[in-house]
Amino acid sequence: MAQFKIYGHRGHLTEIQAPLSDIIHAAAIQALGVPADKRFHRFFPLEPENFVHPPDRSGKYLVLEISMCAGRTDETRKALLKLLMAEISKGLDIPINDIEITITETPRENWGIRGQTGDELVLNYKVET
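Report on the accompanying structure.

A few points about the pattern of salt bridges
A side chain of one charge can pair with a side chain of the opposite charge when the charged atoms of the two come close. In this structure the tally under the stated criterion is eight salt bridges. In this structure, Arg10 engages Glu47 in a salt bridge whose closest nitrogen and oxygen atoms are separated by 2.5 Å. On the criterion of sequence distance, the pair formed by Arg10 in helix α1 (residues 10–32) and Glu47 in the loop between β2 (41–46) and β3 (62–69) is long-range, its members being 37 residues apart. What makes Arg10 partly exposed here is its relative accessible area of 38%. On the accessibility criterion, Glu47 (30% relative accessible area) is partly exposed. The partner of Asp93 in a salt bridge is Lys60, with the nearest N and O atoms 3.6 Å apart. Residue Asp93 is located in the loop between α2 (74–92) and β4 (99–106), and its partner Lys60 is located in the loop between β2 and β3; the two are separated by 33 residues in the primary sequence. Through salt bridges with shared partners, one network takes in Asp56, Arg57 and Glu100.

A word on the sheet that holds β4
Pairing is mixed in the open sheet, where four strands are placed in the order β2-β1-β3-β4. Each of the sheet's edge strands pairs with one partner strand only, and the pair in question is β2 and β4. Adjacent strand axes in the sheet meet at a mean angle of 15 degrees when their direction is disregarded. The pairing of strand β1 (residues 2–9) with β2 spans six bridges and is parallel. Of the residues in β2, the one forming a bridge with Phe4 is His41. Docked against the sheet, α1 engages β1, β2 and β3, running at close to 155 degrees with respect to β1. The sheet strands contacting α2 are β1, β3 and β4, and the helix crosses β4 at an angle near 150 degrees.

What counts and how
Residues numbered from 1 in each chain as written. Predicted model: local features only at pLDDT ≥ 70, side-chain atom pairs only at ≥ 80, totals over all residues. Heavy atoms only, no water. Salt bridge = Lys/Arg side-chain N within 4 Å of Asp/Glu carboxyl O. Helix = DSSP H or I, 4+ residues; strand = E, 2+ residues; numbered from the N terminus. Buried < 20%, exposed > 50% of the residue type's maximum accessible area, 1.4 Å probe, protein only. Pairing = 2+ DSSP bridges. Axes fitted to C-alpha atoms, helices over the stretch in contact; angles between N-to-C directions. Contact = heavy atoms within 4.5 Å.

Shown next, in the form of structure tokens:
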């Protein structure tokens, strides 16, 4: 289980939303083993006054927040971060300095999905990788 929130400048984020979603999902499939039909992305295009950041970031600046259940190894999480940064930078011509990502993990029992808690939910993929 992994959900992605993506923040960026309205003009730029709106232009790249579809290909960015594809890049994020491909990385989640590759690094986390997420099934192809499990895409959970929310986009937050922001006006400049609502997206304050240091002056060394450009109008292409993106912040990704990933929420996922605990259980993946450090190596798996690092692989996801590195893959996302590389593929977003290369695929969308975004400077690596303009990409920031955080992962927040919570225990499966803290998730509520389809009327069940996450620890009761039967998944068709492994989380402990």
